[in-house]
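Working through the structure, step by step
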Amino acid sequence: MCGQTISYVEVGANGESSDPGNDKCLTTFKYYNAYTSTGSGGAADFNVHLVGTFNDWEKNDSNYTMQSDGKGCHTIQVEFPKDSSNSYKFHIEGWENQETGQDDGWMSDPYNTNYDNDGNSVATITQCGMQYGSCDGSGNSGTPEINTGTVTNSNADLQSVS
């Protein structure tokens, strides 16, 4: 799909690849929305996707479906080339406006203050282990975090962008 390759590599404590020839870094994206939690009155069945330049803005790309914790937090880990910039948004499947039919599911990252000219969030991968977004629910703007703890992932959750 769109020239992407799913890669299964071991990842070190700071999100770096254990493959010495691999110049890609594991990046974590988090998105919080109270209306997608199991306690929200039935909205928990909405899927949230990470969408951007890396998948040609395909809003229902199953390779970029974020994992839900059932409490409104959605997470995905993606491998990006180091020193790359990637425009992105989150898309909530099924959030069409009932009156206009317009797709209202496109959300910029409220924690990322770096935007492109079209209003999309931009992830600039300067080092391995970066994290964009948050699940604290505050929506406060800020800068990306560096995940210095142990990165855990299942091979099924690791996406690689070539």
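This one's a predicted model, so the numbers in the text were calculated from it and none came from an experiment.

The next point concerns the state of the cysteines. Put plainly, two cysteines are in a disulfide when a covalent bond ties their sulfur atoms together. Counted by the stated rule, this structure contains two disulfides. Residue Cys 25 pairs covalently with Cys 128 via a disulfide, S to S 2.1 Å. Linking Cys 25 and Cys 128, the disulfide has an S-S dihedral of approximately -55° and is accordingly described as left-handed. Here Cys 25 is found in strand β1 (residues 24-32), whereas its partner Cys 128 is found in the loop between β7 (121-125) and β8 (130-133), with 103 residues between them in sequence. Of the two residues, Cys 25 and Cys 128, both sit in the buried class. Sulfur-sulfur distance for the disulfide between Cys 73 and Cys 135 comes to 1.9 Å. Judged by the torsion about the S-S bond (75°), the Cys 73/Cys 135 disulfide is right-handed. Separated by 62 residues along the polypeptide, Cys 73 in strand β4 (residues 73-81) and Cys 135 in the loop between β8 and β9 (145-146) bring together distant segments of the chain. Each bonded cysteine of the protein is numbered by sequence order, and under that numbering the disulfide pairs are 1-3, 2-4.

A low pLDDT score tells you not to read the predicted coordinates there in detail. Per-residue pLDDT for the protein averages 73, and the proportion of residues at 70 or more is 59%. Across residues 1-18, confidence stays below pLDDT 50; counting only partners more than four residues off in sequence or on other chains, it has 55 contacts. A low-confidence stretch, residues 146-160 stays under pLDDT 50, and its non-local contacts, those more than four residues away or across chains, total 48 contacts.

This next bit is on the packing of aromatic side chains. What the rule picks out here adds up to nine aromatic pairs. Between Phe 29 and Phe 80, the ring centres sit 6.0 Å apart and the planes meet at 80°, which makes this aromatic pair edge-to-face. Residue Phe 29 is located in strand β1, and its partner Phe 80 is located in strand β4; the two are separated by 51 residues in the primary sequence. The buried category is assigned to Phe 29, whose relative accessible area is 0%. According to the relative accessible area criterion, Phe 80 is buried, its value standing at 0%. With a centroid separation of 5.3 Å and an interplanar angle of 70°, the aromatic rings of Phe 54 and Phe 80 are classed as edge-to-face. Here Phe 54, found in the loop between β2 (48-52) and β3 (67-68), pairs with Phe 80, found in strand β4; they are 26 residues apart in sequence, far enough to count as distant. By the burial criterion, Phe 54 is buried, and Phe 80 matches it. An aromatic cluster is present here, built from Phe 29, Tyr 31, Phe 54, Tyr 64, Phe 80, Tyr 88, Phe 90 and Tyr 132 joined pairwise through their rings.

Judged by nonpolar contacts, the single largest core of 20 residues is most densely connected at Phe 29, Leu 50, Tyr 88 and Phe 90. If you list the elements that add at least two residues to this core, you get β1, β2, β4, β5 (84-92), β7 and β8. Ignoring anything within four residues of it in the chain, the contact list for Phe 29 reads Leu 50, Met 66, His 74, Thr 75, Ile 76, Val 78, Phe 80, Tyr 88, Phe 90, Ala 123 and Tyr 132.

Parameters and conventions
Residues numbered from 1 in each chain as written. Predicted model: local features only at pLDDT ≥ 70, side-chain atom pairs only at ≥ 80, totals over all residues. Heavy atoms only, no water. Disulfide = S-S within 2.5 Å. Helix = DSSP H or I, 4+ residues; strand = E, 2+ residues; numbered from the N terminus. Buried < 20%, exposed > 50% of the residue type's maximum accessible area, 1.4 Å probe, protein only. pLDDT = per-residue confidence, 0-100. Contact = heavy atoms within 4.5 Å. Phe/Tyr/Trp six-rings, centres within 6.5 Å; stacked < 30°, edge-to-face > 60°. Core = buried A, V, L, I, M, F, W, Y, C linked by side-chain atoms within 4.5 Å.

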